[in-house]
Amino acid sequence: MVSFKNTSALALFGTLALFGRTLRAEPTTGEASQPEVPAARPASSAPAPSLHHAPVSVATAHRALTVVADIRHPELVKRALLIYRRSGDTVYLETDFKRAESYAATIPESAVVSPSLEYLIEIERLDGTRQPAFASRGEPFRVLIPEDLADLRERALAARLGGRRSEFTSSAEYVSFGRSTGSTIDPTTGDPRIVDDSFYRLEGSYTYRPLRTVADFSLRLGLVRGRSPVSLSESDEGERNQVGLNYGAPTITVRASDFIHLQAEVLTSITEAGFAMGGGGAIELGDHLGAKLALGFETIEVFGTRVYSRLDLLPGERVRVSPIIEVTDMPHANAFGVRLLTELGADLGSGFHAAARGGYQARKSTSGGASFGATLGYAF
């Protein structure tokens, strides 16, 4: 028989156990369950164009510079512009990028000069607005351009000339070979005629000196009048040996090295026999603007040929002495003669210079004559 006391204790224990299970099953007021809310996503921004570019730090002078870039979202870009200016300039120039394997724009060689150039890149959007894509107009990117050897040489030569690259020159010369044996027979004696063999020359020229691969070029215009040992017609005694030449000669001198220059010319002329062509050339060994040796030739149809050597010596800062040896059959002669000349030149200052020449020439040992001439020039 179970006592009342034990029964009451068991009932109390069961009631407490049931109450504990109920507490564990029901959440407390502070821990009430809430529905799970997903994290909010940020609103996606509209795509914007951008440009990727590897800057060019150094460029070669006088050579076009190509700038390459890549554009993201090109469908949003109306055009991309390369904007540049030479060092010292205040005004920007611009050129469009063109599509190739990537986008490329070219700065012309005329703008790629020492010491530097500046550039930046801008994008123009579809609505016409521009935005900087690389550097800016206020802070452009600078490209260094080292001065090349040709620039240094040109500047040094121009300094020697005092910046005077252009020159006008006029000259006059009288040449006498004495009395030469003519090509016709004197009917009174039956012997070859002996005639005066002489001529005079007037010439004007203009020269410009680029001082680069083309060292200089010039144009000479002149006339020659004289008497030839060769009879040119059956006209009167006083006219049959008269000769004449009106000519023009463009000339170019090319630098092969610092001490070798090559010269070429074309001669167009009108003689008493009609239109005639000719040409000439020379090689210069030494300083083109100073002491040098020149070996050359010149020939004109009908009128004749001359071969010469000329040595320019500089005994003083403003003085030049030039011994000249020339072999020629000009004008219309039937034999070559030898000319021995000396020319003395002087720098008069302010761009003016003058020269005088004199010498002796002959076609045969028993007869010869003197020559003399003068030159006046102005450089600017």
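Going by the structure above, here's the rest.
Let us look at the structure shown here. This one's a predicted model, so the numbers in the text were calculated from it and none came from an experiment.

Rules behind the numbers
- Residues numbered from 1 in each chain as written.
- Predicted model: local features only at pLDDT ≥ 70, side-chain atom pairs only at ≥ 80, totals over all residues.
- Heavy atoms only, no water.
- Salt bridge = Lys/Arg side-chain N within 4 Å of Asp/Glu carboxyl O.
- Helix = DSSP H or I, 4+ residues; strand = E, 2+ residues; numbered from the N terminus.
- Buried < 20%, exposed > 50% of the residue type's maximum accessible area, 1.4 Å probe, protein only.
- Polar contact = N/O pair within 3.5 Å; in protein donor to acceptor, adjacent residues only side chain to side chain.
- Contact = heavy atoms within 4.5 Å.

In this section: the pattern of salt bridges. Side-chain pairing between opposite charges can occur once the charged atoms of the two side chains come close. Taken as a whole and assessed by the stated rule, the structure comprises 36 salt bridges. Among the salt bridges present, the one from Glu124 reaches Lys78, with a minimum N-O distance of 3.7 Å. Placement of the pair is Glu124 in strand β7 (residues 116-125) and Lys78 in strand β3 (residues 77-86), with a sequence separation of 46 residues. Using a relative accessible area of 54% as the deciding quantity, one classes Lys78 as exposed. Across the pair Arg142 and Glu118 runs a salt bridge whose closest N-O atoms are separated by 3.0 Å. Of this pair, Arg142 sits in strand β9 (residues 141-144) while Glu118 sits in strand β7, placing them 24 residues apart in sequence. Arg142 gets classed as partly exposed once you look at its relative accessible area, which sits at 48%. Exposure remark for Glu118: the relative accessible area of 11% places this residue in the buried category.

A separate point is the side chain of Glu118. At a separation of 2.8 Å, a polar atom in the side chain of Glu118 contacts the side chain of Arg85. If we ignore the near neighbours within four places in the chain, the residues touching Glu118 are Ile83, Tyr84, Arg85, Tyr92, Pro140, Phe141 and Arg142.

From the geometry alone we can't say anything about function, so treat these as descriptive.
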